[in-house]
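What follows is each chain in one-letter form.
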Amino acid sequence: MGMRDKKWNQKLVLARRRGQHPEEPENTAKVVYIGHIPHGFYEDEKQGKSKHYGFIEFESPVVSKIVADEMNNYLLFEHTLQVSLVLPEKVHPKLWKGVRHGFIPIDRVAIEQMRHNKMVEGIVKQDEKRRKRIKAAGIDYECPALRYELLAAAVPGTV
């Protein structure tokens, strides 16, 4: 129970003692936080992994309040959802930044091909330097040729 809830409960108790019925504060929260989301429902933009939490913005504060009340502690695939309202002053300005951009998976095959080719090119350069040093030292030695294969780079944008 948060500090805000404790103060509200204190106000309720004092009002009941006086025989008054206090007004509930006006709900202006339109954003709902959902925590403990099971794997596969919400994805991280960078890695495509589940973050296990998310935010939903509603047009009406009344609807957001109903959703938060009904879905809190809801059991979904052996996970108990934690749903709560986020006050307007607590909503970070960058919360919805990039929300319209879809997740683009990383082409890991192309990245590995580029790493492989860079490593092979480094080995070939090192071998050429070694051959020159052997020849400069006056040693008559034929090094066996390196057998290597550069991998074809994948076309950017394809998966």
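As the structure is a prediction and not an experimental result, all values here were calculated from the model. Every chain is numbered on its own, with residues counted from 1 as its sequence reads. Local features are withheld for residues below a pLDDT of 70 in this predicted model, meaning they are given only at 70 or higher, and side-chain atom pairs are given and counted only at 80 or more; totals for whole chains, interfaces and linings count all residues. Working from all heavy atoms in the structure, the side-chain values ignore hydrogens and water.

*Asks:* Help me understand the nonpolar core in this model?
*Replies:* Across soluble globular proteins, nonpolar side chains show a tendency to be buried alongside one another. Only buried Ala, Val, Leu, Ile, Met, Phe, Trp, Tyr and Cys residues count toward a nonpolar core, and they belong to the same one when joined by side-chain atoms within 4.5 Å. Each residue is assigned to one of three classes by its accessible area relative to the maximum for its type, calculated with a 1.4 Å probe on protein chains only: buried under 20%, partly exposed between the two thresholds, exposed over 50%. Listed in full, the six residues of the largest apolar core are Val32, Ile34, Ile37, Ala68, Leu81 and Val83. Whether two residues are in contact is decided by their heavy atoms, any of which lying within 4.5 Å being enough. Apart from residues lying up to four places away in sequence, Val83 is in contact with Val32, Tyr33, Ile34, Val67, Ala68, Met71 and Asn72.

*Asks:* How should helix 2 (residues 61-71) be read in this particular structure?
*Replies:* Residue pairs spaced three or four apart in an α-helix point in one direction, given the helix's 3.6 residues per turn. Between the side-chain oxygen at the start of helix 2 and the backbone nitrogen of Val62 there is a gap of 3.2 Å, and the oxygen is on Ser60. For helices the rule is a DSSP run of H or I covering at least 4 residues; for strands it is a run of E covering at least 2, with both sets numbered from the N terminus onward. At the exit of helix 2 stands Asn73, carrying a positive phi of roughly 65°. A 3.5 Å cut-off defines polar contacts: any pair of N or O atoms within that distance qualifies, except that in protein one atom must be a possible hydrogen donor and the other a possible acceptor, and neighbouring residues in sequence count only when both atoms are side-chain atoms.

*Asks:* Which parts of the structure should I look at to understand unusual backbone geometry?
*Replies:* Excluding glycine, residues mostly have negative phi values, and the peptide bonds linking residues are mostly trans. Its identity is not glycine, yet Asn73 carries a phi of approximately 65°, on the positive side. Relative to the assigned elements, Asn73 resides in the loop between helix 2 and strand 3 (75-76). Non-glycine residue Glu78 carries a positive phi angle of around 65°. Tracing the backbone shows Glu78 in the loop between strand 3 and strand 4 (79-80).

*Asks:* What is the right way to look at the pairing of strand 1 (residues 31-35) in this model?
*Replies:* Two faces belong to every sheet, and in a regular strand the side chains alternate between them. Of all five residues in strand 1, four are buried; the element is thus mostly enclosed. Strand direction decides the pairing type here: strand 1 and strand 5 (residues 82-86), joined by five bridges, are antiparallel. Each residue of the ladder has a partner; that of Gly35, found in strand 5, is Gln82. By this definition, two strands are paired if DSSP reports at least two bridges between them.

*Asks:* Explain the sheet that holds strand 1 to me, please; I cannot follow it from the model alone.
*Replies:* In a beta sheet, neighbouring strands are held together by backbone hydrogen bonds and run either parallel or antiparallel to one another. Read across the sheet, three strands follow the order 2-1-5 without closing on themselves; strand pairing throughout is antiparallel. Pairing within the sheet leaves two strands with one partner each, and these edge strands are strand 2 (53-57) and strand 5. Averaged over all pairs of adjacent strands, the angle between their axes in this sheet comes to 20°, without regard to strand direction. In the sheet, strand 1 pairs with strand 2 via five bridges, with the strands oriented antiparallel. Geometry is summarised by axes, namely lines fitted to C-alpha atoms with helices restricted to the contacting stretch, and by angles between N-to-C directions that run from 0 to 180 degrees.

*Asks:* I'm lost on the pattern of salt bridges in this one. Help?
*Replies:* When their charged atoms lie close together, side chains carrying opposite charge are able to pair. Salt bridge criterion: a side-chain nitrogen from Lys or Arg within 4 Å of a carboxyl oxygen from Asp or Glu. Applying the stated criterion across every chain yields a total of four salt bridges. Among the ionic pairs, Glu112 bridges to Arg115, the shortest N-O distance being 3.1 Å. Here Arg115 and Glu112 lie together in helix 3 (residues 108-136), a separation of three residues that amounts to about one turn. Judged by its relative accessible area of 54%, Arg115 falls in the exposed class. Among the charged side chains, a network of salt bridges with common partners joins Asp127, Arg130 and Arg131.

*Asks:* In this structure, what is going on with the packing of aromatic side chains? I would like to understand it.
*Replies:* How two aromatic rings sit relative to each other is set out by the distance from centre to centre and by the angle between their planes. Only the six-membered ring of Trp is used, alongside the rings of Phe and Tyr, when aromatic pairs are assigned; centres must lie within 6.5 Å, and planes under 30 degrees apart are stacked while those over 60 apart are edge-to-face, with the rest tilted. Counting across every chain of the model gives three aromatic pairs. Ring geometry for Tyr53 versus Phe55: centroids 6.2 Å apart, planes at 80°, classification edge-to-face. The class for Tyr53 is partly exposed, based on a relative accessible area of 32%. The exposure class assigned to Phe55 is partly exposed, which follows from its relative accessible area of 27%. Aromatic rings pair up to connect Tyr33, Tyr53 and Phe55 into one cluster.

*Asks:* Any chance you could explain a nonpolar patch on the surface here in plain terms?
*Replies:* A residue counts toward a patch only above 30% relative accessible area and without a salt bridge, and it is joined to like-charged neighbours within 9 Å or, for Val, Leu, Ile, Met, Phe, Trp and Tyr, to nonpolar neighbours within 5 Å. Working definition of accessibility: Shrake-Rupley area with a 1.4 Å probe, residue cover restricted to the visible protein chains. On the surface, Met119, Ile123, Leu146, Tyr148 and Leu150 cluster together into a nonpolar patch covering about 490 Å² of accessible area. For Tyr148, a relative accessible area of 48% puts it in the partly exposed group.

*Asks:* What is the right way to look at the side chain of Asn117 in this model?
*Replies:* Positionally, Asn117 belongs in helix 3. Relative accessible area serves as the criterion here: at 13%, Asn117 is assigned to the buried category.

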